[in-house]
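Structural overview for review
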Amino acid sequence: VQLQASGGGLVQAGGSLRLSCAASGSISRINDMGWYRQAQGKQRESVATITSGGYTNYADSVKGRFTISRDNDKNTVALQMNSVKPEDAAVYYCTLTNHRYGVNKSYWGQGTLVTVSS
């Protein structure tokens, strides 16, 4: 499975940014897609995830500001980031976890940098 993320860049605090990620390869029918981020000097953390059934989960720090969505036909996932804060600055990674025959296997994209100016 390959994941290609795009959409990172410089955004002003309070502004909006949209990240996109396209997955290709051997993707199971049941899978989770999501976004993680890692700020400089900090551990990687989950931002938002969405199941193939559309169930979403968000980190408390982004609830009400970020929205994750996916297109199962195109195997894409997006993260709409609104009311961006300086603490949202990080490298964002998209992920896909296949659930197949009782085995879960996760894949990671290359990361896209989000910089926030205050």
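In case you missed it, the structure is sitting above this.
Definitions and cut-offs
Residues numbered from 1 in each chain as written. Predicted model: local features only at pLDDT ≥ 70, side-chain atom pairs only at ≥ 80, totals over all residues. Heavy atoms only, no water. Core = buried A, V, L, I, M, F, W, Y, C linked by side-chain atoms within 4.5 Å. Buried < 20%, exposed > 50% of the residue type's maximum accessible area, 1.4 Å probe, protein only. Helix = DSSP H or I, 4+ residues; strand = E, 2+ residues; numbered from the N terminus. Contact = heavy atoms within 4.5 Å. Pairing = 2+ DSSP bridges. Disulfide = S-S within 2.5 Å. Salt bridge = Lys/Arg side-chain N within 4 Å of Asp/Glu carboxyl O.

**Some points on the nonpolar core**
Among the nonpolar cores identified, the biggest contains 30 residues, and W35, L79, M81 and Y92 are the most heavily contacted of them. Listed by contribution, the elements that provide at least two residues to this core are β1 (2-6), β3 (17-24), β4 (31-38), β5 (45-51), β7 (66-71), β8 (76-81), β9 (90-100) and β11 (112-117). Not counting chain neighbours up to four residues away, the residues in contact with L79 comprise L17, R18, L19, W35, V47, A48, F66, T67, I68 and Y92.

**Regarding the pairing of β4**
Pairing between β4 and β9: eight bridges, direction antiparallel. Bridged to N31 within β9 is N98. As paired elements, β4 and β5 share six bridges and run antiparallel to each other. Counted as the bridge partner of Y36 is S46 from β5. Where β4 hands over to β5, the hairpin turn is made up of six residues, of which G41 adopts a positive phi near 80 degrees.

**Topic: the state of the cysteines**
Per the counting criterion, the structure on display carries one disulfide. Two residues share a disulfide in this structure: C21 and C94, whose sulfurs sit 2.0 Å from each other. Torsion about the S-S bond of the C21 and C94 cystine: about 40 degrees, corresponding to right-handed handedness. With C21 in strand β3 and C94 in strand β9, this pair connects stretches of sequence that are 73 residues apart. As far as burial versus exposure is concerned, C21 and C94 are alike and both buried.

**Details of the pattern of salt bridges**
Under the criterion given, the structure shown has four salt bridges. E45 is paired through a salt bridge with R37; the nearest N and O atoms lie 2.7 Å apart. In this structure R37 comes out as buried when scored by relative accessible area, which is 5%. Linking R37 and D88 is a salt bridge whose minimum nitrogen-to-oxygen distance equals 2.9 Å. With R37 in strand β4 and D88 in the loop between β8 and β9, this residue pair connects regions lying 51 residues apart in the sequence. Note on D88: relative accessible area 1%, which makes it buried. Here the residues in one salt-bridge network are R37, E45, R65 and D88, joined through shared partners.

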